[in-house]
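Below are the chains, spelled out letter by letter.
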Amino acid sequence: MLRRQRYAAHPTPRLAAEYWLTPSGGHVHAAQRESRMLFNSYSFLFAFLPLLLVCWRLAQGYGPTGLALVLLAFSTVFYGLWGLPFLIMLAVILGMNYAFALALAAPDPEPAQSADAPQEAAGTGDEAKAESTCMCGSRKQSGCRFRLSRKGLLTVALVLNLLPLLWFKYSAFFAQNIAALLHVQWHFTSPGLPLGISFYTFIQIAWLVSVYRGQVTPQGFTRHALFSACFPYVISGPIVRYEQMGPQFDTLAPTNAENLARGFTLFTIGMVKKVLLADSIALYADSVFNAAEKAFPLSGGEAWLGSLCYTFQLYFDFSGYTDMAIGLGLMLGLMLPENFDSPYKSTGIVDFWRRWHITLSSWLRDFLYIPLGGNRQGRFMQYRNLFLTMLIGGAWHGAGWTFIVWGALHGSMLSINHFFRACIKGKALERILALTPLRLCSILFTFFCINLCWVVFRALTIEGAGRMYKAMFAGPFTREAAGLSAATDGLTGFAAMVARWLPNNYIQGWIPFALLLVSFFVVWALPNTHEILHGRRDGTFPRLAWRPTAAWATGLAVMAFLTLILVSRKATFLYFQF
């Protein structure tokens, strides 16, 4: 299993793109990953997807059941191509959760007709919620030795879901830190991270809680497997709820021309984001961050440009994947939830987390923030709950101190932002900050904070992040920091100092600057894909709205052709490794 870090023995863009670091520390050549099924791979585009659409068409006479079986079969193949052990583990977890769901959803037994203790037998209100449930799926059966309350049963189910995630994702991290704490040499081989486990674990937890609350009823293992393993979102989200997908599975139908056209449009835009922008700009971000990890000389200009490159790489990579996933769903008549709403246009961190990775934010709110107490116990407890939620959210992204620091930074900023909003609410300052010039300043300041936080998120180590920050803020802004001798004075010395600060090693030529300009334009000057396809929230459509016209078809065909030329680079998606 490949770890999240793209790594190289030399911090040049070319070599950085060719090697990946394995959990055991070895390097895997990029060519070894070509057999994987990616949305942006030739095998998916020219074999898997066309075959799926043909089978979807052929199965239309068998109704929703036939279409569901086709989708389940293709989802199984899609996930299985990443590795049979991954598929077996997913099947085991789905089977376990389905058994727990049956036990949680078992109907109440008939009230006992004992004249001596009628109230005890019937149970009411909260008492009924706490009735004993057996692992065999019935309640209060005499002689059963494994009796649990429903809450206890749910707790066991949640723990058993989290244990594999903790083992595969965090065991090596805990082992390394315990060994460091005890000052011992402890060689622990990481078990590797099953593909998509972070996402399908969250999906399973949400499903079990919905069953526990009576909001969802299990409708057979086949349905549960289809919901949990549906290929557009099983590997990297969006994190869906059964309440969103279940009714759609009930009404699966042959795709129509408009859905197919809209789905193809979204898929093409997503592929352009991923292949033309994210993968192109990633080469420069990797070279700068790899140089920081190895303590190679790094100028301030390169550090800033490298951080901006990664900020846009992550945006176009993940939003591109989401567009492709939503587009694939639309081709099959499925409406997946939105996951991005122009997050870099946010006016504050609170606004940012309502726009970035929306399905993860809502999951953290519903299953962490609110259970912790939410805002029900005063402001101080609200800020504490926000901080803890983001800290855990940071750890969810990866097993490393950099992710934990990133989560703590966002938790702190969220708390400060909520405090500031509460202080100015209803006052003149709130109206002043809503004026357009100050609103633009808020957007720039928020982007600046987000960019700084992505540095520690991308860095492999705290030391590497520290070197990036040092280069970004410490210059060299003086002759001494630039390592210049006293002889270099005047304009000559100033020119030499500026030359040390400007990019000179890892970001060269005009291409990275052109890519950054295009990224700024796409992020801030263009509407997002949801607005292009479905319009704005106020019901209006931007000038660049999608229409079934020859101009749109020609433009998409050109973009698809340009993208297909570069698909051979075979760069996977960043969130596959989280």
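Refer to the structure above for everything that follows.
Because the structure is predicted, anything quoted here is derived from the model rather than measured. (Residues numbered from 1 in each chain as written. Predicted model: local features only at pLDDT ≥ 70, side-chain atom pairs only at ≥ 80, totals over all residues. Heavy atoms only, no water.)

Colleague: So what's going on with the overall build of the chain? Residues and values would help.
Modeller: A count of helical and extended segments in the chain gives 23 helices and four strands. Across the 578 residues in the chain, those meeting the buried criterion constitute 51%. Considering only intrachain contacts with a sequence separation of at least 6, the fraction spanning at least 24 residues in the chain is 70%. Total accessible area computed for the chain in this model is approximately 26600 Å², and 66% of it derives from carbon and sulfur atoms. (Helix = DSSP H or I, 4+ residues; strand = E, 2+ residues; numbered from the N terminus. Buried < 20%, exposed > 50% of the residue type's maximum accessible area, 1.4 Å probe, protein only. Contact = heavy atoms within 4.5 Å. Areas by Shrake-Rupley, 256 points an atom, 1.4 Å probe, with all protein chains shown as cover.)

Colleague: Before we move on, can you summarise the packing of helix H11 (residues 257-293) against helix H23 (residues 550-566) with the specific residues and values?
Modeller: Running from N to C, H11 and H23 cross one another at 40°; their axes reach a closest spacing of 9 Å. With respect to H23, the axis of H11 lies oblique. Pair H11 / H23 crosses with left-handed handedness. Contacts from Phe264, Thr265, Thr268, Ile269, Met271, Val272, Val275 and Leu276 in H11 reach Trp552, Leu556, Met559, Ala560, Leu562, Thr563, Leu564 and Leu566 in H23. Here the residues of the contact of H11 with H23 sort into 13 nonpolar, three polar and no charged. (Axes fitted to C-alpha atoms, helices over the stretch in contact; angles between N-to-C directions. Parallel < 35°, antiparallel > 145°, perpendicular 65-115°, else oblique. Left-handed = near helix turned anticlockwise from the far one by under 90°. Nonpolar A, V, L, I, M, F, W, Y, C, P; charged D, E, K, R; others polar.)

Colleague: Got a sec to walk through the environment of Thr446? Specific residues and values, please.
Modeller: As for its position among the elements, Thr446 is in helix H18 (residues 436-458). With relative accessibility at 4%, the residue Thr446 sits in the buried group. Between the C-alpha atom of Thr446 and that of Thr347, which follows or precedes it by 99 residues, the distance is 6.2 Å.

Colleague: Can you tell me about unusual backbone geometry, naming the residues and giving the values?
Modeller: A negative phi holds for most residues other than glycine; trans holds for most peptide bonds. The phi angle at His183 is positive, at roughly 60°, despite the residue not being glycine. For His183, a relative accessible area of 74% gives the class exposed. The backbone of His357 sits at a positive phi, close to 45°, despite the residue not being glycine. In this fold, His357 is placed in the loop between helix H13 (349-353) and helix H14 (358-372). Residue His357 is classed as buried on the basis of its relative accessible area, which comes to 0%.

Colleague: Can you break down the environment of Ile349 residue by residue, with the values?
Modeller: Considering the arrangement of structural elements, one finds Ile349 in helix H13. Under the relative-accessibility criterion, Ile349 is labelled buried at 6%. Note: C-alpha distance between Ile349 and Thr446 (97 residues apart in sequence) is 6.6 Å. Ile349 has contacts with His410, Met413, Leu414, Asn417, Thr446 and Ile450, leaving out every residue within four places of it along the chain.

Colleague: Residues and numbers for H23, please.
Modeller: Here H23 contains 17 residues, and its C-alpha end-to-end distance of 25 Å stays within 8% of the 24 Å for a straight helix at 1.5 Å per residue. Every buried residue of H23 is accounted for by Trp552, Leu556, Ala560 and Thr563. Buried residues of H23, viewed axially, fall in a sector of 65°; they line one side. Relative to its buried face, H23 has exposed residues pointing more than 90 degrees away, namely Ala550, Ala551 and Phe561. The elements touched by buried residues of H23 are H11 and helix H22 (529-534). (Expected span 1.5 Å × (residues − 1). Arc of directions from axis to C-beta.)

Colleague: So what about the packing of aromatic side chains? Which residues, and what values?
Modeller: One pass over the full model with this rule turns up 48 aromatic pairs. Each ring, one from Phe48 and one from Phe231, has its centre 5.4 Å from the other, and the planes form 75°; the classification is edge-to-face. Residue Phe48 is found in helix H2 (residues 42-58), and its partner Phe231 is found in the loop between helix H9 (221-229) and helix H10 (242-250); the two are separated by 183 residues along the sequence. Judged by relative accessible area, which is 1%, Phe231 ranks as buried. Aromatic side chains Phe202 and Trp363 sit 3.7 Å apart centroid to centroid with 10° between the ring planes, which places their arrangement in the stacked category. Residue Phe202 is found in helix H8 (residues 197-212), and its partner Trp363 is found in helix H14; the two are separated by 161 residues along the sequence. (Phe/Tyr/Trp six-rings, centres within 6.5 Å; stacked < 30°, edge-to-face > 60°.)

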